[in-house]
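Summary of the model geometry
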Amino acid sequence: MINLATIEEFVMRYLFKDGSECYDCIQVENSLVLSQDKQTIRATLKSKISNINLNPFDIVLTIKDNKLWIKSDFFEDASALYPLRIYSNDDEYILVAEFSTEVMYLHVECS
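Every residue gets a number counted from 1 within its own chain, in the order that chain's sequence is written. The predicted origin of the model limits local features to residues at a pLDDT of at least 70 and limits the giving and counting of side-chain atom pairs to 80 or more, whereas totals for whole chains, interfaces and linings rest on all residues. Side-chain measures were taken over the full set of non-hydrogen atoms in the model, leaving aside hydrogen atoms and water.

A few words now on the overall build of the protein chain. Scanning the protein chain for helices and strands turns up zero helices and ten strands. To qualify as a helix, a DSSP run of H or I must reach at least 4 residues; to qualify as a strand, a run of E must reach at least 2; elements of each kind are numbered from the N terminus. If you list the helices and strands of the protein chain from N to C, you get β-β-β-β-β-β-β-β-β-β. Atoms counted for the radius of gyration: C-alpha only. Globule rule: 2.2 Å times the number of residues to the power 0.38. For 111 residues, the compact-globule formula gives about 13 Å, and the C-alpha radius of gyration of the protein chain, at 13 Å, lands near that figure. Referenced to the eigenvectors of the C-alpha coordinate spread, the extents of the protein chain come out at roughly 40 × 30 × 30 Å. Exposure categories follow from relative accessible area, calculated using a 1.4 Å probe and restricted to protein chains: below 20% of the type maximum is buried, above 50% is exposed, and the middle band is partly exposed. Counting only residues that meet the buried cut, the protein chain has 36% of its 111 residues in that class. Across the protein chain, every contact between residues at least 6 apart in sequence was considered, and the portion connecting residues at least 24 apart equals 38%. In this analysis, two residues are considered to be in contact whenever any of their non-hydrogen atoms come within 4.5 Å of each other.

Put into structure tokens, the structure is as follows:
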């Protein structure tokens, strides 16, 4: 399991499975907020390309029942928790949320 207290940066790629759209997003500087119990972390992301019409949005990662979940106002249902698959290599993680027509890849750098 990823230690949320060690997260330093998020980078996201969100793509539609049919290839119609792809969004590359980066973390807004100084936007990481870790809960006191270290079980939830929040960050604000924005489009990597300034001419893309995409407002900054929040992501929230939560450890619940020993699993990692995400919710975001980027998703259609901003209050719903979605499970994340975790792939790791040293201090880097790829977190994946897969939906019926989209896939989100969240690259996480840790200290």
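Now for a negative patch on the surface. Together, E8, E9, D90, D91, E92 and E109 make up a negatively charged patch on the protein surface. Looking at where E8 falls in the secondary structure, it is placed in strand β1 (residues 7-16). The residues that make up patches have over 30% relative accessible area and no salt bridge, and they are joined within 9 Å when like-charged or within 5 Å when they are Val, Leu, Ile, Met, Phe, Trp or Tyr. Accessible surface area values rest on a Shrake-Rupley calculation with a 1.4 Å probe, where residue burial reflects the displayed protein chains alone. The salt bridge definition used is simple: a Lys or Arg side-chain nitrogen within 4 Å of an Asp or Glu carboxyl oxygen. Positive charge is attributed to Lys and Arg, negative charge to Asp and Glu, and no charge count is given to His or to the chain ends. For the purpose of locating charges, the reference atoms are NZ of Lys, CZ of Arg, CG of Asp and CD of Glu.

Attention now goes to the environment of I41. Among the structural elements, I41 can be located in strand β4 (residues 40-47). For I41, a relative accessible area of 3% puts it in the buried group. Sequence separation of I41 and I70 is 29 residues, and the distance between their C-alpha atoms is 9.8 Å. When residues no more than four places from it in sequence are discounted, the contact partners of I41 are L4, I7, F10, L32, V33, L34, I59, V60 and L61.

F10, M12, I59, L61, M104, L106 and V108 are the most contacted members of the largest nonpolar core, which totals 29 residues. Of all the elements in the fold, those that place two or more residues in this core are β1, β2 (22-27), β4, β5 (57-64), β6 (67-72), β9 (92-98) and β10 (102-110). Among all residues touching M12, those that are not within four sequence positions of it are Y23, D24, C25, L45, F57, F74, M104, Y105 and L106. For the purposes of this section, nonpolar cores are sets of buried Ala, Val, Leu, Ile, Met, Phe, Trp, Tyr and Cys residues that join through side-chain atoms within 4.5 Å.

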